[in-house]
Every structure is written in structure tokens, then in C-alpha cells.
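This is what each chain is made of:
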Amino acid sequence: MIKQYIKIAWRNLLKNKQQTIINLLGLTIGTVSCLAIVLYVFAQFGYDTQHENADTIYRVETIIERDGKASWNTAAASPPTAFALKEDFPEVQEATRVVLTDVFTSNLIGAANSEDAYYEPRVYMADSTFFKIFNYKFLEGRPETALNEPNALVLSSSLANKLFGRQKALGKNVTWGSGADAQTLTVKGVFDESFEKSHLDPNYIVSMSTPGMGTFVQNFASFATNNFVYSYIKLQPNSNAQGLQRKLPTFIQERGAKDLKDAGMDNKVLVLQKVSDIHLYSEGRENQIHEVSNIKYLYFLLTLAFFIQLVACINFINLSTARASKRAKEIGVRKVVGAGKNILIRQFLGESLLLSLFAMLISIPITILLLPVVNELTNASLVLQDLFNWRIIFILFGLGTITGLVSGIYPAIILSSIKPIKALKSSTILQSGNGTFRKVLVVFQFVVSISLVATVIIVTQQFRFAQNKDLGFQKENLLALRIGTAEASNKFESLKSSFLNVPGVVNVSSGNYAPSEVILNDNGLYLPGGSRENVTIVKRQGISEGYFETMNIPLLKGRDFTPADTTDQIIVNEATLRVFDIKEEEALSSRLVQSFGDETYEMRIIGVAKDYHFASLKNEIAPLFLYKEDEPNWLFIKTQTADYQQLLSGLERQWKATVNNVPFDYRFVDKEVVKLYDEEKRLGQISVVFTILAILISCLGLFGLVSYVAEQKKKEIGIRKVLGASINSVVQLLTKDFIKLVGVAFLIASPIAYYFMQRWLEDYTYRIDIQWWVFALAGGFALLITVLTVSFQSVKSALANPVKSLRTE
């Protein structure tokens, strides 16, 4: 019996080639879209689940509160926190800390006695207990002892291959840093960085007991400040994390009350986050150690996939019912010879399931071919193995089955309900009430299309707003050149002089942070005569003279730095004046105070800079003070040239002539600023692609409904033409109802799109205002697509010979 159903279904599909192709195209597009999205979403799950007892590993995060509100939410904590928790609470089995050192300074790394050295990203310093908590697949060495000694080093397999080729790296020496600050490290292990997925993504790891940053972290005792250490604890089996969380307020008061008071902090809250939740549930937490995803973003993509597949199902319904009259006699004959309603339902469901599963099979090779496009669109790294995961195969098969059932159930019920007498007499075979449901389905398609078009416009507007907004400095024609080493930093003046002789260089300056870099350094400041217990956190940036001219940042009051200035002379931005309630005209006679332990330092304001965006537009411009820095991390080069290749070649020659064995590492500032909005850019690109697909599928649905209406009104159109009706009047007859449907969809879609996009924009301090014309444009676009699609079928019906329409069979 099943074989017979399949044979009949296959013959019917071949018999109605146009309908089959349109249905297959719609279902395939929907299935490929869903499969691509599901692949990406699944790839974002399962982070950090490979570690032994992963559900007992937690990261200790920090919320700084002021006036009862969270003023700073960071993924890190102060240095002593992790091991203090282990000391105070028996439920904590182990603790470890990680410092991302290349946030503060860039160190060269190269094989000992080799002339080649590299700036490598993602440099971790970690305690000896790191591999007792986190499981990594070691290719060389033993994880239990790899970080036990000072100057111990663990390399990723790719970096080991870069430094030593095919030779074994274990036991070999590496030079870390340069000049007087260079240290010799010994390779104690090599791990496979491609093993499983983790929010921790080190390129290499240096033992925390190594002199420098490591010993600073080990010796720092304050529980209030320097919240840059990523702190992890592993709980004893069957321990209650919620119970430990409730004890943390008491812990921070007992351990750090004096530290908080000295730092002028109202309160500090420690939060435990399960390590397996970090990748997806870290929204609002700053200073992530590695790029994380957002569960809301994934929900948006899954919702998008659902609606696209639903639109494809609606197309199938519309096309199936539109062609019902052509199968009327078949159904009538089957019923006369004894076929029951259930048998007919199974037959029609069989056809839809066969078509859906065929679309599913076609979607697999298409998705494989589109994997590079998906990776480019989502910034993912999906591979063929991700597609042939048993979970994905199960979901794909389930998707095909559900799509077939959803698409076929309504047409099956309707078609199987046709009265055999009416069918055999060729009278009206479908009740008029069924048209209401079809109109609802088409309105739904329009709602999805209009909402997506409005979303694309708004996301694109916000992205362009971020790109084009005046950031307060000139990002175009600006190069940032990494200094990186003490040797290069000490030769800043020589480099500056030599660079200024290169054609196309207008000005040169320097600073500790490049534009678009997160400024981590800050100080607690207060006014003279104020209380050191009530400080305001102000970001700090070290710069050289000429910085404001190079960056084209206006000075509203005062002057730039000179070679004679010292670190107690500062330049502040407007936000600093506002937060301390200092009038601009009184700024140059004002001072700010900072305290360290028992010592107090006064800093004199010598200039006021216009506010500029040194962080993402998602954040409000924070108070900032700038001081004179003699050992900067970056060179900033203002340029004016039409030949950047020649300019860069000239700069590189001067660099190599002045600094030895240090790579010439540069970047264009405007491109780095754009990277701050990669998420918005990806969201916009994804929205555009899937909007086009949704509109394409909707056009197929419109074609199906117009076919149905034309079929229903075939005789009416014939009579009108015989009586002299023009083609235009026939087209208007078939088009006007659809224009009404677009209007209804516009009224529904506009408030829905406005609500959700307004919520999305709330994440941005600096954002666009949603304008009414966005929805008018989206509605007009939907109307245009509708008119073009409907007119095609309408003209075809209007040109048909009325004799054929009126002839009685």
C-alpha cells in the first residue's frame, strides 16, 4: 500500500511540473536557510563542556556599584579573589587565575637564537593549577606540571610549528620580549588548540610565577582595584553554587572592606557564572577574555529560520489549493469507486512528504556548497563534519517531515472533502469560506516581508550612523603602528623624526591605547578637599605631545603637552568636567586628586579636550584624563597621500633602520573602528540575505494565490472580455484584493517591527531615531513586489481566450 501511495504521488508530481517546481523551489530555499542557521546556532552551543565536571567550574565576575546601581560589570576580578575563596570555603576544591597580557603590552616571541620574532595574540599568564581545572589535549609534555615553575611556557600546536617547524618543541627555549626586558622561557608543553570549543583560546600560556606581570598579580593584595584577572574556581562534587553565591557579600566585606573604602567604592558584588554558560550568557559583561556569542542573537536567527520555513509551507498550501480544480475529477472518481476520506488524506500527505523530503535531500549538497558563504556571513568556521553530525541529520529529517505534514495537512483535508457529484459536474469545488484562510496566510507572508524589510533598513541605518558619526577625532588617513617593545619605545623620538621625512606623513604622535582599543586603565579621583572614600573612576590614557593635532581633536581650553611637562599635569575631556561639576572657564585653575594607600597626589589640569569616542557607540563617553607618557605602546601617523604602497614602504624602511628584530606591525584606524560594529554589520548582512529569500518565497506564494483566484474567476473573466472589458480592467479586478491585503499587513507589521527594533536600539547610547518613512518604504516595497507578481499572472489570465473559459465540457 505504501509503495502504491509513493508511486501515485510521484506520478502526480511529474504530471503537474510547474506546480512541483515552484513548490520544490520554495521548500528547498526554506530548508537550506533553516539548515544553515541551525548549523551556525548548534556550533555556538557546547562550549567548555569537555572539561571534567564542567558543571562545577565557575568564573568569578565583578559588579562595581555606585549609588545603589551597577556602574561597571566586568568578567574579571581583583588578583587575590580566587585563592581567597579557596581558603575561606571548603566547597571550593581548586582555584586558578588567567591574565590576558597582550591587552596591556605586546611582547615579541621567537625561538632562542633565532632572528625571527612575532607579535602573537592571545597571550595568557596562568597559575600552576590552570590545567587541574581545564582539560586540554597535550601533544607534548604533561599538563599536571607544565606551569609549576617560573618561566615555564606552554604553546599551541600552530605556534610551536611556527617557531620550531617539525622539531619537537618540548624543552626548547624561547625569547619573550626584547632588549633589557627580554626573558628566556622554556617550553614545558604543547596543546592541540583545535580540541573542542572553549571561551579560553590561548595561543600560548606563561606561568604566573614568571617575573613581571605574573609576580605583580601574585603579590597584589587589594580586593577592590585592578579587576583585570580572570578568576576561576572548581567546586567540590555535589556542592551548591547558589549557596556559595549567597555567602559572597559577607566574604567581600570581611576580606575587602578597607580596600573598598580606600578605593572609594560604594560596593562590590562578586558573581559566579558557570563556565559552560559564558559563551552564550555574557551579555552586559565587559572585558571578555575572548569573543563570545549572545543567546538573544541566536534566538533571533532561529526565529528568522522558523518564519522563512513557515512562509515556504504557506506557499505549498496556497499552490496546492489553487490547483485543486484540476484534480477535482480524480478525487470524484476515487470517491465514487470507494476511496474514503482517510485514504485520500494519506495520498495527499504522501505527496507533500515526498516533495518535502526531496527538498531536504537537495538542500544538503546546496548547503555544503554554501558553507564558505555562511562562514563569511556569520564569522563562523563551520566544516563538513558539522553538517554530518547525527543531531543535525536528525533535525534535518525531522524538519523535512514536519514541513511535509504542515504543508500538506490543510490541502489534504480540503481536497479530500470535495463532494464527488460537484467534482464530476465541474461545478465550484471549493467553498468560498476557504478563501478567508488563504488571505490570512498571505497577510502573514506580507507581515513577515514588511517586518524584515523595515529591520534591514533600521539595522543598516544604525550601522552607517556608527560608521559616519563624528567620533571627535579623524579616523581617516590615520595609521596606528605597534611599538610593542621597550627598545622601540625608547627610540620614539628618533622614529618620529625619521617618519616625518617620509613623503605623505603629516604628523606623528603616540599613546598607550590605539583608537578602538578598550581603555582598561583608570584611577579613582576626587576634588581637593573631597573625601577619598567617595572617588569617581576616570579612564586614563598616556600620550605624547602632538597627539591632539595628529588625531585632529580640538582643545577647548588650555594647551597641549610640551617636553618639559610631567605626569602631574593632565588634560581632561568634557565628560570629566561634567562629572566633577567643574565649569569650563574654571578648568585651568582646577586640580584633581588621587590616593594610593597613605600617599596623595594632586594633578593640575592644563587643558580641556573636546569629547571624543574612544570606545564603541554602545557606551557613553566616559570621563578621561590624559597624561604625558614616555614609553607608549602605539605610534599614530597622520597621512596625506594617494600612494599608500609607497608610503608604507618608506615607513617600513625607516622602521627597520631604527629598530632591529621588531616586526613592522601597522593598521588603518578607520578599519579598526569599523570592527567595533562587526555584530551590527553581520546582523545587517544576515537580515538582507534572509529578507531577499523571504520575499522570493512570498512571491511564489502570491503566484499560487493569484493562480487560484484566476481559476475561480475564469468564467467571470471570460464573460467580461466578451462584453468588451479591457486587459487593464481585468488586471485591476485581480489586483485590488491583494493591495488590500498589503494594507492590512502594513498595519500589523509596522507596530511589531517598531517595538522590536526600538528594543534593539536600547543597547546603544548613541543611536538613530526610527522614522515613519522606514515603514512607509517597507510597505511600498511590499506593494511594488505584490503588484509586479500579481500583474504577471493577471495579464496572462486577461490574455486568455474567453471561448475556452466559457465552453461547457
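In case you missed it, the structure is sitting above this.
Residues numbered from 1 in each chain as written. Predicted model: local features only at pLDDT ≥ 70, side-chain atom pairs only at ≥ 80, totals over all residues. Heavy atoms only, no water.

### Re the overall build of the protein chain
Looking only at helices and strands, the protein chain features 25 helices and 24 strands. Within the span of the protein chain, comprising 809 residues, buried residues form 52% of the whole. Across the protein chain, every contact between residues at least 6 apart in sequence was considered, and the portion connecting residues at least 24 apart equals 80%. With the model as given, the accessible surface of the protein chain reaches about 37000 Å², and the carbon-plus-sulfur share is 55%. (Helix = DSSP H or I, 4+ residues; strand = E, 2+ residues; numbered from the N terminus. Buried < 20%, exposed > 50% of the residue type's maximum accessible area, 1.4 Å probe, protein only. Contact = heavy atoms within 4.5 Å. Areas by Shrake-Rupley, 256 points an atom, 1.4 Å probe, with all protein chains shown as cover.)

### Description of helix H5 (residues 157–164)
Turning to H5, its buried residues number three or more, namely Leu159, Ala160, Leu163 and Phe164. Each buried residue of H5 sits inside an arc of 105° when the element is viewed along its axis, so together they form one side. One or two steps after H5, the chain reaches glycine 165, where phi turns positive at roughly 65°. (Arc of directions from axis to C-beta.)

### Points about the environment of valine 442
Along the chain, the position of valine 442 falls in helix H14 (residues 434–468). The class for valine 442 is buried, based on a relative accessible area of 1%. As a C-alpha pair, valine 442 and isoleucine 314 span 128 residues in sequence and 7.8 Å in three-dimensional space.

### Some remarks on a nonpolar patch on the surface
Where nonpolar side chains cluster on the molecular surface, the patch consists of Val744, Ile748, Ile752, Tyr755 and Phe756 and spans about 460 Å² of accessible area. When its relative accessible area of 36% is taken as the criterion, isoleucine 752 is described as partly exposed. (Patch = residues over 30% accessible without salt bridge, like charges linked within 9 Å, V, L, I, M, F, W, Y side chains within 5 Å. Salt bridge = Lys/Arg side-chain N within 4 Å of Asp/Glu carboxyl O.)

### Overview of the side chain of asparagine 573
Looking at the element boundaries, asparagine 573 is found in strand E19 (residues 569–573). Judged by relative accessible area, which is 1%, asparagine 573 ranks as buried. Polar contacts involving the side chain of asparagine 573 include one to the main-chain carbonyl oxygen of alanine 622, which spans 3.0 Å. With residues up to four places along the chain from it excluded, the contact list for asparagine 573 reads Ala609, Asp611, Phe614, Ile621, Ala622, Pro623 and Leu624. (Polar contact = N/O pair within 3.5 Å; in protein donor to acceptor, adjacent residues only side chain to side chain.)

### Some remarks on the packing of helix H16 (residues 492–500) against helix H19 (residues 644–658)
Packed helices, taken two at a time, are described by the angle their axes make and the gap between the axes. Contact geometry of H16 with H19 gives a least axis separation of 10 Å together with a crossing angle of 150°. By the angle between their axes, H16 is roughly antiparallel relative to H19. In this structure, H16 meets H19 at a crossing whose hand is right-handed. Contacts between H16 and H19 involve Ser494, Leu495, Ser498 and Phe499 on the former and, on the latter, Leu651, Gln654, Trp655 and Thr658. Its residues assigned to classes, the contact of H16 with H19 comprises four nonpolar, four polar and no charged. (Axes fitted to C-alpha atoms, helices over the stretch in contact; angles between N-to-C directions. Parallel < 35°, antiparallel > 145°, perpendicular 65-115°, else oblique. Left-handed = near helix turned anticlockwise from the far one by under 90°. Nonpolar A, V, L, I, M, F, W, Y, C, P; charged D, E, K, R; others polar.)

### Some details on the packing of aromatic side chains
Under the defined criterion, the tally for this structure stands at 25 aromatic pairs. Where phenylalanine 130 meets phenylalanine 134, the ring centres are 5.1 Å apart and the plane angle is 45°; that geometry is what we call tilted. With respect to class, phenylalanine 130 is no different from phenylalanine 134; both count as buried. Summarising the aromatic geometry, the rings of phenylalanine 473 and tyrosine 612 are spaced 6.3 Å apart at their centres and angled 85° between planes, so their arrangement reads as edge-to-face. Separated by 139 residues along the polypeptide, phenylalanine 473 in the loop between H14 and strand E14 (478–482) and tyrosine 612 in the loop between strand E21 (599–609) and strand E22 (624–628) bring together distant segments of the chain. (Phe/Tyr/Trp six-rings, centres within 6.5 Å; stacked < 30°, edge-to-face > 60°.)

### Quick look at the pattern of salt bridges
Under the definition given, this model contains 21 salt bridges. For aspartate 127, the salt bridge is made with arginine 97, and the minimal N-O distance between the two is 2.9 Å. Here the residue aspartate 127 occupies a position in the loop between strand E6 (123–126) and helix H4 (130–133), and arginine 97 occupies one in strand E3 (residues 92–100), the gap between them amounting to 30 residues. Residue classification places aspartate 127 among the buried residues on the basis of a relative accessible area of 5%. A residue is classified by how much of its surface remains accessible, and arginine 97, at 6% relative accessible area, is buried. One salt bridge connects arginine 482 with aspartate 665, and the closest N-O pair in it is separated by 2.6 Å. Taken as a pair, arginine 482 in strand E14 and aspartate 665 in the loop between H19 and strand E24 (666–668) lie far apart in primary sequence, 183 residues in all. Here the salt bridges share partners, and the residues they tie into one network are Arg59, Glu61 and Arg285.

### A look at helix H3 (residues 81–88)
Among the residues making up H3, those that are buried are Thr81, Ala82, Ala84 and Leu85. The buried residues of H3 occupy one face: seen down the axis, they fall within an arc of 165°.

### Quick look at unusual backbone geometry
The phi dihedral of asparagine 53 is positive, around 55°, even though this residue is not glycine. Looking at asparagine 53, the relative accessible area reads 40%, which means it is partly exposed. Phi at asparagine 287 takes a positive value of approximately 60°, unusual for a residue other than glycine. What makes asparagine 287 buried here is its relative accessible area of 18%.

### Some words on the environment of leucine 354
By secondary structure assignment, the location of leucine 354 is in helix H10 (residues 341–378). Along the chain, leucine 354 and glycine 404 lie 50 residues apart, while their C-alpha atoms are 7.6 Å from each other.

### Observations regarding the side chain of serine 156
Along the chain, the position of serine 156 falls in strand E8 (residues 152–156). Taking relative accessible area as the criterion, serine 156 reaches 1% and is therefore assigned buried. At 2.9 Å, the side chain of serine 156 and the backbone oxygen of asparagine 203 are in polar contact. Among all residues touching serine 156, those that are not within four sequence positions of it are Val190, Phe191, Glu193, Pro202 and Asn203.

### Structural notes on the pairing of E14
Counted residue by residue, E14 has five buried out of five residues, so it is predominantly covered. In E14, alternate side chains face the same way, and those of Leu478, Ala480 and Arg482 on one face and Leu479 and Leu481 on the other are all buried. When E14 meets strand E23 (residues 634–639), the two strands line up antiparallel, connected through five bridges. Bridge assignment links leucine 481 to a residue of E23, and that residue is leucine 635. Two strands pair when backbone bridges link them, and E14 and E24 are joined in this way by three bridges, in the antiparallel orientation. Paired with leucine 481 across the strands is tyrosine 666, a residue of E24. (Pairing = 2+ DSSP bridges.)

### Some thoughts on the state of the cysteines
Here the structure, examined in full by the defined rule, presents zero disulfides. Cysteine cysteine 34 shares no disulfide, and the gap to the nearest cysteine sulfur, in cysteine 313, comes to 8.8 Å. Owing to a relative accessible area of 5%, cysteine 34 belongs among the buried residues under this scheme. A residue is classified by how much of its surface remains accessible, and cysteine 313, at 4% relative accessible area, is buried. (Disulfide = S-S within 2.5 Å.)

### Comments concerning the packing of H3 against helix H7 (residues 241–263)
For the pair H3 and H7, interaxial distance at closest approach is 12 Å and the crossing angle is 110°. The orientation of H3 relative to H7 falls into the category roughly perpendicular. Residues Thr81, Ala84, Leu85, Glu87 and Asp88 of H3 form the contact with H7, whose participating residues are Leu248, Phe251 and Arg255. Across the contact of H3 with H7, the residue classes break down as four nonpolar, one polar and three charged.

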